[in-house]
Amino acid sequence: MNKIFRINMSNLTTKCESVPEEWAGLGGRGLTSTIVAAEVPPRCHPLGPNNKLVFAPGLLTGTPAAQSGRLSAGAKSPLTGTIKESNAGGTAAQQLARMGIKAIIIEGAPTEDKWYRLHITMDGITFEAADSLVGKQNFAIIDEMIDTFGPKIGVLSIGVPGEMRMCAANISVKDPDQKIRSHGRGGLGAVMGSKKIKCITIDDTGASKVPIADPDKFRAAAKIFAKSLLDHPVSGEGLPTYGTNILINILNEAGGLPTKNFRYGQCEHHEKISGETMHDTIVERGGKHKHGCHAGCIIQCSQVYVDRAGGYITSGFEYETIWGLGANAMIEDLDDIAKCDNLMDDIGIDSIEGAVLLATAMEAGVIPWGDGKECQRVLRDEIGKGTPLGRILGNGTGMVGTAYGLVRVPVVKNQGIPAYDPRSVKGIGITYATSTMGADHTAGYTIATNILKVGGYVDPLTKDGQVELSRNLQIATAAVDSTGMCVFIAFPALDIPESFTALIDLLNATYGLDLTADDVTELGKKILKIEHDFNTAAGFSKQDDRLPEFFSYEPIPPHNAVWDFTDEEIDEFWDF
Ligand code: SF4
């Protein structure tokens, strides 16, 4: 990957640049965050011409290494006001990597009210008129692009909420089955909308393989790495069988499954929405319980969820979405939850923010608790069409809380808190508080150690060891997010020493380097510090590294735990 494309939407020009030496060893999140920090004024308006939207495949993307096909998108987030990186599967990352594209930097904004499709080929990038796509949602756009260019075309697109620059809007990525994966968190779809880009198409005809400096070493490391993924009980057995939704029953048992807008830690109807029920339903109806979001995924935590007649409803049906609509918004019917998931893919909003904001709208009395049909209507006819109510909801959980005068609003840095209660799983609370991205479980997934006992065990109900656990995982995750690897490689990497060594060998074999484990740790630290410095310059302080107040005075059953970290204890996170 030896070129960077710079696309200026103010004057509709493109430039192909060589990769500066200081960016050569970076990819994925490491590269998007470095570029955003270097080129975006921290106090700029996220929807203004000075923000930049950056896409970067990971360092290993495009190689045959398992799990390596993720694309990072970065910008200043309109939802949080912080720096943001959000990564996704699909076909785009591997296509860009094979085309030798290390990053795409989109800057400026058109002055005229015209919409564009960027078309990327081996000859460069062209601007195509896209006014005819305005008002269309993602599935219709993908179908139209396939009709025009054939099934191999790569597509990144936004729906109507992205056009309307709603803060929950995501960027959709076409997957190998012509369905959708998402750069979900942080409202990056609104940034793409602010640049008046409705769609990006990628035709990689003529692209070659990603060069590998030492093919023999690569092959040997890839074999060990793949074996470790299949040998570990979580990545080799649990995820392929039940998907991430295996966590419903596990978190319910642990008392950490936030229910009815974070009132309870257990949900009475958990069996109806569990991974086990989902698996049996899929098998009975003839769907797929095991499925990859990009070529080369061997864990295959995804699935294709179908209706009683075997018709497609959704794929990539994740625990966090099912939790948010099923337990937190009290919807009992898995089919209704799946239809909401499909709608969120179609209109293009983050399914975590979407689920949390719908539960918050229930708290406000806008939607009856547990009403899955009304949630579908609201997604399709309010948020999807940008009605006044839709625009309030589509701007995220924090906006809903403000509009309806609520106190119980589960956000950190204005981003909806995901599927693990921070009072009964305290490590994840430290991650929510301190992540440079706002509340984000993937930033430092302490559930692995607090609940699944991967990489040791730290009691989720005590404060001891949580700051250190979250810090170590956030550093490691920042580095992994730079490789283009899916976050689930962390399970074997934490438990099987050869797995982590093989990951480093893959990097060394690809680039002819001699990196050590310490180098990888240093890379993770450096990325976190770059992101933290950006946020500080944007106006964030320690006081923003806090959870909502209600967690400190509302005990959550069954453990009756409260959030009891002092400010000083939280602030120790940044002592490295
Ligand atoms: S394990 Fe799941 S998230 Fe990871 S690459 Fe495979 S399908 Fe995508």
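Everything numeric in this text was worked out from a predicted model, so none of it was measured. (Residues numbered from 1 in each chain as written. Predicted model: local features only at pLDDT ≥ 70, side-chain atom pairs only at ≥ 80, totals over all residues. Heavy atoms only, no water.)

(A) Region of interest: the overall build of the chain. Helix and strand counts for the chain stand at 23 helices and 17 strands. Here the chain has a C-alpha radius of gyration of 22 Å; the compact-globule value for 576 residues is 25 Å, and the two agree. Considered along the principal axes of its C-alpha atoms, the chain spans approximately 60 × 50 × 50 Å. Buried residues in the chain amount to 63% of all 576 residues. Counting contacts in the chain only where the partners sit at least 6 residues apart, residues at least 24 apart contribute 70% of the total. Total accessible area on the chain is roughly 19,700 Å²; 51% of this is exposed by carbon and sulfur atoms. Taking the average location of the 53 positive side-chain charges in the chain and that of its 72 negative ones, the two points are 4 Å from each other. (Helix = DSSP H or I, 4+ residues; strand = E, 2+ residues; numbered from the N terminus. Rg over C-alpha atoms; globule rule 2.2 N^0.38 Å. Buried < 20%, exposed > 50% of the residue type's maximum accessible area, 1.4 Å probe, protein only. Contact = heavy atoms within 4.5 Å. Areas by Shrake-Rupley, 256 points an atom, 1.4 Å probe, with all protein chains shown as cover. Lys, Arg positive; Asp, Glu negative; His and termini not counted. Charge placed at Lys NZ, Arg CZ, Asp CG, Glu CD.)

(B) Region of interest: the pairing of strand β8 (residues 124-129). Bridging between strand β7 (residues 116-121) and β8 involves 6 bridges; their strand directions are antiparallel. For Tyr116, the partnering residue across the bridge sits in β8 and is Ala129. Linking β7 back to β8 in an antiparallel pair, the connection comprises 2 residues. (Pairing = 2+ DSSP bridges.)

(C) Seen up close, the pattern of salt bridges. Taken as a whole and assessed by the stated rule, the structure comprises 34 salt bridges. Measuring nitrogen to oxygen at the nearest pair gives 2.8 Å for the salt bridge that ties Arg6 to Glu17. With Arg6 in strand β1 (residues 3-8) and Glu17 in strand β2 (residues 13-18), this pair connects stretches of sequence that are 11 residues apart. Note that Asp567 and Arg546 form a salt bridge whose closest N and O atoms lie 3.1 Å from each other. Here the residue Asp567 occupies a position in helix α23 (residues 567-571), and Arg546 occupies one in the loop between α21 (517-537) and α22 (550-553), the gap between them amounting to 21 residues. Connected via shared salt-bridge partners are Arg6, Lys15, Glu17, Glu39, Lys52 and Glu107. (Salt bridge = Lys/Arg side-chain N within 4 Å of Asp/Glu carboxyl O.)

(D) Looking closely at the sheet that holds β1. Strand order in the open sheet formed by 6 strands is β2-β1-β6-β3-β4-β5, and the pairing between neighbours is mixed. The strands lining the two open edges of the sheet, one partner per strand, are β2 and β5 (83-88). The sheet shows a mean angle of 15 degrees between the axes of neighbouring strands, taken without regard to direction. Two elements, β1 and β2, share 6 bridges in a ladder whose sense is antiparallel. Bridge pairing in β2 links Arg6 to Lys15. (Axes fitted to C-alpha atoms, helices over the stretch in contact; angles between N-to-C directions.)

(E) Spatial organisation of the nonpolar core. Core analysis: the largest hydrophobic core is formed by 116 residues, its most contacted members being Tyr319, Trp323, Leu379, Ile383, Tyr420, Met485 and Leu506. A per-element tally of this core places helix α12 (residues 351-363) first, with 8 residues. Contact partners of Leu379, with chain neighbours within four places excluded, come to Cys340, Leu343, Met344, Ile347, Ile349, Leu358 and Gly384. Counting 42 residues, the second-largest nonpolar core is a separate cluster that includes Ala88, Ile142, Ile180 and Leu188. (Core = buried A, V, L, I, M, F, W, Y, C linked by side-chain atoms within 4.5 Å.)

(F) A look at the environment of Gly187. Tracing the sequence through the fold places Gly187 in the loop between β11 (180-183) and α5 (188-194). In this structure Gly187 comes out as buried when scored by relative accessible area, which is 1%. When the C-alpha atoms of Gly187 and Ile392 are compared, they prove to be 14 Å apart, with 205 residues separating the residues in sequence. When sequence neighbours within four positions are dropped, the list of residues in contact with Gly187 reads Pro78, Cys167 and Ala169.

(G) Here's a closer look at the sheet that holds strand β15 (residues 312-315). Spatial ordering of the open sheet is given by β13-β14-β15, a layout of 3 strands whose pairing is antiparallel. Each edge of the open sheet carries a strand with a single partner, namely β13 (288-291) and β15. The mean angle between the axes of side-by-side strands here comes to 25 degrees, regardless of whether they run parallel or antiparallel. Sheet topology note: the β13/strand β14 (residues 302-306) ladder contains 2 bridges and is antiparallel. Paired with His291 across the strands is Ser302, a residue of β14. Here helix α11 (residues 334-347) sits on the sheet in contact with β14 and β15, set at roughly 70 degrees to β15.

(H) Spatial organisation of the site of the ligand. Neighbouring residues of the ligand: 13 residues in total, closest Cys293, His294, Cys297, Cys301 and Cys486. Residue composition of the shell around the ligand, grouped by class: 6 nonpolar, 6 polar and 1 charged. (Near = heavy atom within 4 Å. Nonpolar A, V, L, I, M, F, W, Y, C, P; charged D, E, K, R; others polar.)

(I) Looking closely at the domain arrangement of the chain. The domain architecture assigned to the chain consists of domain 1 (3-202), domain 2 (244-421) and domain 3 (427-495 + 514-575). Each of domain 1 and domain 2 has a C-alpha centre, and the two are 25 Å apart. Buried area between domain 1 and domain 2, summed over both chains or domains, comes out near 2,900 Å², and the portion from carbon and sulfur atoms is 49%. The three residues of domain 1 that bury the most area against domain 2 are Gln67, Arg181 and Arg185, which together make up 23% of that side's buried surface. Counting every contact that joins domain 1 to domain 2 gives 2 salt bridges. Here Asp350 and Arg185 are joined by a salt bridge, their closest N and O atoms 3.0 Å apart. When residues of the side of domain 1 that touches domain 2 are traced back to their parent elements, those giving at least two are α3 (138-149), α4 (160-163) and β11. Residue composition of the side of domain 1 that touches domain 2, grouped by class: 13 nonpolar, 16 polar and 8 charged. (Domains from an automatic or database assignment. Buried area = accessible area lost by both parts, 1.4 Å probe.)

(J) Region of the structure containing the pairing of strand β10 (residues 171-174). Of the two faces of β10, the one carrying Ile171 and Val173 and the one carrying Ser172 and Lys174 are both buried. By the bridge criterion, 4 bridges tie β10 to β11 in an arrangement that is antiparallel. Considered in β11, the bridge of Ser172 is made with Ser182. Counted along the chain from β10 to the antiparallel partner β11, the turn is 5 residues long, and its residue Gln178 has a positive phi close to 70 degrees.

(K) Up close: helix α6 (residues 215-231). Between the first and last C-alpha of α6 there are 24 Å, a value that for 17 residues agrees with the 24 Å anticipated at 1.5 Å per step. Burial in α6 covers these residues: Phe218, Ala221, Ala222, Phe225, Ser228 and Leu229. End-on view of α6: buried residues confined to an arc of 130 degrees, all on one side of the axis. Exposed residues pointing more than 90 degrees away from the buried face of α6 are listed as Asp216, Arg219, Lys223 and Lys227. In the core, the buried residues of α6 are packed alongside α7 (233-242), α19 (490-495) and α20 (497-511). (Expected span 1.5 Å × (residues − 1). Arc of directions from axis to C-beta.)

(L) Molecular detail of the packing of aromatic side chains. In the structure shown here, the tally under the stated rule is 13 aromatic pairs. Their ring planes at 85 degrees and their centres at 6.4 Å tell us that Tyr116 and Phe127 sit as a pair that is edge-to-face. A residue pair is termed long-range when its members are at least 10 positions apart, and Tyr116 in strand β7 and Phe127 in strand β8 qualify at 11 residues. Residue classification places Tyr116 among the buried positions, given a relative accessible area of 11%. (Phe/Tyr/Trp six-rings, centres within 6.5 Å; stacked < 30°, edge-to-face > 60°.)

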